[in-house]
Amino acid sequence: MQSTDAVVGKSELPEAIRSRNGQLEPFEWYAEMRRSAPVHFDEERQHWDLFRYEETNRVLTDYESFTANRAGSENATDDDGAMFQTMIMVDPPGHDRLRGFVNERFQPGTLREYQPRIEELTEEVLDQIDGENRFDFVDEFAIRLPITIIAELLGIPAERRDEFKEWSDALVARPEDGSESSIKRSQERMQWAQQQMGQYFAQLLEERQDGSGDDLITLAATTEELSRGEQVGFCMLLLVAGNITTTNLLTNALWCFEERGITDAIRTGEIDRKQAIEEVLRYRSPIQSLDRVALEDVELNGRQIREGDVVTAWLGAANRDPELFDAPEEFRPERSPNRHIAFGKGVHYCLGAPLARIEADVAFDVLLDRFETIEADLTDLQPLRSLYGLESLTCTIEE
Ligand code: HEM
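Residues numbered from 1 in each chain as written. Predicted model: local features only at pLDDT ≥ 70, side-chain atom pairs only at ≥ 80, totals over all residues. Heavy atoms only, no water.

As recorded in an unreviewed UniProt entry, the protein chain goes by Cytochrome P450 and comes from Haladaptatus paucihalophilus DX253.

(A) Structural view of the overall build of the protein chain. Scanning the protein chain from terminus to terminus reveals 17 helices and 12 strands. Across its three principal directions, the C-alpha atoms of the protein chain cover 60 × 55 × 45 Å. When burial is assessed residue by residue, the protein chain has 56% of its 399 residues classed as buried. Long-range contacts, defined as pairs at least 24 residues apart, comprise 70% of the intrachain contacts of the protein chain with a sequence gap of at least 6. (Helix = DSSP H or I, 4+ residues; strand = E, 2+ residues; numbered from the N terminus. Buried < 20%, exposed > 50% of the residue type's maximum accessible area, 1.4 Å probe, protein only. Contact = heavy atoms within 4.5 Å.)

(B) Main features of the packing of helix 9 (residues 144-154) against helix 13 (residues 228-260). Remark: helix 9 packs on helix 13, axes separated minimally by 8 Å, with the N-to-C direction vectors making an angle of 150 degrees. The crossing of helix 9 and helix 13 is right-handed. Counted together, Leu145, Pro146, Ile147, Ile150 and Leu154 of helix 9 and Cys235, Leu238, Leu239, Gly242, Asn243, Thr246, Thr247 and Leu250 of helix 13 form the full contact between these two elements. (Axes fitted to C-alpha atoms, helices over the stretch in contact; angles between N-to-C directions. Left-handed = near helix turned anticlockwise from the far one by under 90°.)

(C) View of the site of the ligand. Around the ligand, a shell composed of 27 residues is seen, among which Arg70, His95, Arg99, His348 and Cys350 lie nearest. Arginine 99 is positioned with one of its side-chain polar atoms (N or O) 2.7 Å from an oxygen atom of the ligand. Between histidine 348 and the ligand, the recorded distance is 2.6 Å, taken from a side-chain N or O atom to an oxygen atom. Mapped by element, the contributors of at least two residues to the shell around the ligand are helix 5 (94-100), helix 13, strand 7 (289-294) and helix 17 (353-370). With 6 residues, the top contributor of residues to the shell around the ligand is helix 13. For the shell around the ligand, the per-class residue count stands at 17 nonpolar, 7 polar and 3 charged. (Near = heavy atom within 4 Å. Polar contact = N/O pair within 3.5 Å; in protein donor to acceptor, adjacent residues only side chain to side chain. Nonpolar A, V, L, I, M, F, W, Y, C, P; charged D, E, K, R; others polar.)

(D) Structural detail: the sheet that holds strand 12 (residues 394-398). Here we have 3 strands laid out as an open sheet, ordered 6-12-11, and antiparallel in their pairing. With one partner strand each, in any of the chains shown, strand 6 (134-136) and strand 11 (373-376) form the two edges of the open sheet. Direction aside, the axes of adjacent strands within the sheet are offset by 25 degrees on average. In this sheet, strand 12 lies alongside strand 11 in antiparallel orientation, the contact comprising 4 bridges. Within strand 12, the position partnered with isoleucine 374 by the bridge is isoleucine 397. Across the sheet, helix 13 is in contact with strand 11 and strand 12; its angle to strand 11 comes to roughly 95 degrees. (Pairing = 2+ DSSP bridges.)

(E) Spotlight on helix 7 (residues 115-127). The terminal C-alpha atoms of helix 7, which comprises 13 residues, lie 18 Å apart, in line with the 18 Å expected from a rise of 1.5 Å per residue. Residues of helix 7 that are buried include every one of Ile118, Leu121, Thr122, Val125 and Leu126, and no others. For helix 7, the arc enclosing every buried residue in end-on projection is 140 degrees, short of the 170-degree limit, so these residues lie on one face. Considering only its buried residues, helix 7 is in contact with helix 8 (137-142), helix 9 and helix 17. (Expected span 1.5 Å × (residues − 1). Arc of directions from axis to C-beta.)

(F) Fine view of the coordination of the iron atom of the ligand. Among protein atoms, the single one acting as a donor to the iron atom of the ligand is Cys350 (SG), 2.3 Å away. Positionally, cysteine 350 belongs in the loop between helix 16 (315-318) and helix 17. (Donors = N, O, S within 2.8 Å, 3.2 Å for Na, K, Ca; no water.)

(G) Representation of the nonpolar core within the structure. Of all hydrophobic cores here, the largest spans 104 residues; its most connected members are Phe137, Leu154, Phe201 and Phe257. Sorting elements by how many residues they give to this core places helix 13 first, with 14 residues. Apart from the residues within four sequence positions on either side, phenylalanine 257 is in contact with Ile262, Thr263, Ile266, Ala276, Ile277, Val280, Phe331 and Phe364. (Core = buried A, V, L, I, M, F, W, Y, C linked by side-chain atoms within 4.5 Å.)

(H) Examining helix 3 (residues 27-36) more closely. Taken as a whole, helix 3 has its buried residues at Phe27, Trp29, Tyr30, Ala31, Met33 and Arg34. Against helix 2 (20-24), strand 1 (39-42), helix 15 (273-283), strand 10 (310-314) and helix 16 lie the buried residues of helix 3.

(I) Up close: the side chain of threonine 218. Along the chain, threonine 218 turns up in helix 12 (residues 216-221). For threonine 218, a relative accessible area of 2% puts it in the buried group. Contact partners of threonine 218, with chain neighbours within four places excluded, come to Arg208, Gly211, Ser212 and Gly213.

(J) Structural detail: the side chain of glutamine 231. By the element assignment, glutamine 231 lies in helix 13. Of the residues examined, glutamine 231 reaches a relative accessible area of 3% and is grouped as buried. Those residues within four positions of glutamine 231 in sequence are excluded, and the remaining contacts are Leu205, Ala220, Ala221, Thr223 and Leu226.

(K) Up close: the sheet that holds strand 2 (residues 47-50). In space, the 5 strands of this open sheet follow the order 1-2-10-7-3, with mixed pairing throughout. In the strand order of this sheet, the two ends are held by strand 1 and strand 3 (66-67), each with one partner. For strand 2 and strand 10, the ladder comprises 4 bridges, and the chain directions are parallel. Its bridge partner being in strand 10, tryptophan 48 is matched across the sheet by valine 311.

Okay, structure coming up:
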């Protein structure tokens, strides 16, 4: 099974943005690179970096020249030792088989039926917040909500939810500090959780082969074109690709709203919530970069990419390209149209984008309705190690 890093592409950061501030605010560097070296070869990382919308778009849509099967990403194996991959690593035509069966379930229209349930689950997560009027928004809300919702969609039985949450937590667990021993500990826990979850999914898939449920595990179990290993891989992929990304959309949204002082205007409806969330996706994209590997020699903006070269497309930089956006460095919650590519582009365009949008919309609707005031402490923010977001965000609320 792929690690989160392999899926979401946060490989080693370029030196220019390795510092705390560089990670929190890489945008000046992006702007400088867009102007001075839009297609740049980083000798240290031996990667190409792309900063403009045009080349990013090309690399993500031209799967014949740039494969999503990132170099070095391990294949998973099923119980019989057969190798398999999930949709996120496979180019067409194989990709269609791995994704086609589930597309319908993630259409906005289909998901809208779940909206009332998503509202209920959001209320339940808020009910469980620990710590009276002051709590960590990341740990107590932004991590818990997406896991709770995906557990429901997959059809994890209520009595196994606690265990499931323990595994999901371990999958996204961050090392306590940067020491080798703590990094090793968190990797071991992650492997343990992957194994436990893999076995658990295999068992549920077996039980649901008769097709009596209408959850995602039943759907996968009854899809004959997928091997059992691929069915397990699909379930795991939803967790890896869908949870921390949405966690960081929620966190980055509160960060942006508080930074601009517009939380109340969103509460009253003076600023449109859905549009403001789109602007968060553009302005502080949870996934800042995606990797591809060149399948042939290609010229990009006058530079020669060679077959086998790794190319990093900086979504966070493309999302601030002045060729596409007016005043790109300004957070404009009313921006429309907003053609950001925070969910990627081309055949791998995020399967869960409609779900993430509904979750974020419902989350802020319920949250701002329940709490009369919510204030986030924006001092001393710490960047997340895995995606683009924050380690924690302390909030003070009044009910
Ligand atoms: C704000 C939240 C999210 C962001 C920013 C995000 C972003 C992305 C991006 C950029 C890609 C493209 C990867 C690539 O081209 O290599 C992607 C793919 C994917 N995402 Fe999301 N995602 C989010 C939420 C979700 C959710 C909630 C789910 C499912 C429950 C999900 C499932 C997937 C899957 C399965 C793919 C692979 C699609 C394919 O390869 O065809 N994502 N996501």
